[in-house]
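# Structural overview
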Amino acid sequence: MTATAVLFWDIDGTLLSTDRAGIYAIEAAAREVCGGEADLQSLPTAGLTDAQIAVVVIESLGGTADAPGVDAFLRVYERELPAALPRRTGRVLPGVLEILDDLAGETGVHNLLLTGNTRAGAAAKLRHYGLDGHLSDGAFCVGAGPRADIAREAWALIAARDAGARLERAYVIGDTPHDVRCGQEIGARTIAVATGGYGLADLQACAPWAAIERLPDPRGFRELVGLPAARRQPRPGAARLPS
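Residues numbered from 1 in each chain as written. Predicted model: local features only at pLDDT ≥ 70, side-chain atom pairs only at ≥ 80, totals over all residues. Heavy atoms only, no water.

### Some words on the pairing of strand S1 (residues 5–9)
In plain terms, the rule: Note on exposure labels: buried denotes an accessible area under 20% of the residue type's maximum, exposed denotes more than 50%, and partly exposed covers the range between, all computed with a 1.4 Å probe on protein chains only. What counts as a helix is a DSSP run of H or I of at least four residues, what counts as a strand is a run of E of at least two, and both are numbered from the N terminus. A pair of strands is considered paired only if DSSP assigns at least 2 bridges between the two.
Among the five residues of S1, five are classified as buried, and the element is accordingly described as predominantly covered. Burial of the side chains of S1 extends over both faces: Ala5, Leu7 and Trp9 are buried on one face and Val6 and Phe8 on the other. Pairing between S1 and strand S4 (residues 109–114): five bridges, direction parallel. Bridged to Phe8 within S4 is Leu112. Where S1 meets strand S6 (residues 170–174), four bridges bridge the pair, whose relative direction is parallel. Looking at the pairing, Val6 lines up with Ala170 of S6.

What follows is the structure, given as structure tokens:
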């Protein structure tokens, strides 16, 4: 069956905001693995993968960010993250639940994650904010390589599942220039959403296929990605979180 659309979703700043609750888990990892306190306010981390953040923190504390060290850092981070998330008032971002509810069960639409989070880190965030019933599979951070590697893994995953999938019907939806560039690397269309740490002008400068202030309502999203109007009503009683 030919895919009507392939949607690759970033998590932080696109689907949800943790209000930077993850810093508590990063700080715990820095103390346990590096024996120091990380000054996360001064470190550039927006748009980096979890492994790249580990490298930045380890090196800032004078450590060697080799593969075993990064892996140890990430395991502590993953262990601490579920308890860190409730320490800040995060939220699902506007429009996300409405769009995911509208597309749930839609024939020929693939919704997958394309995220710089590790699989365990992504699962903790989606579970905490009630999105795990909508999205769970996709491509995740497994090493300190570029985000484009994750994008290539995401496309390989969907190509193996759907022989009719075409890159001209694939959309990478994210909130940073890193998301835009990784989508461009694989030839997908890129939708940049200014709901994270970058303004609309910054995102437009990366020449995405589309740049928007926030996700539209379900009808507008369908129009944006070339999907026909919904033929059914959204699931009755679908859960809503305050935005």
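Past the structure itself, the notes keep going.
### Some details on helix H2 (residues 50–60)
Stated formally: When checking whether two residues touch, look at their non-hydrogen atoms; a contact exists if any pair is within 4.5 Å.
For H2, the buried fraction is high: eight of the eleven residues fall into the buried class. Of all the positions in H2, only Asp50, Ala51, Gln52, Ile53, Ala54, Val55, Val57 and Ile58 are classed as buried. In this structure, the buried residues of H2 make contact with helix H1 (22–34), helix H3 (67–84) and helix H6 (147–161). Directly beyond the C-terminal end of H2, a positive phi value near 85° is found at Gly62.

These results come straight from atomic positions and should not be treated as a statement about function.
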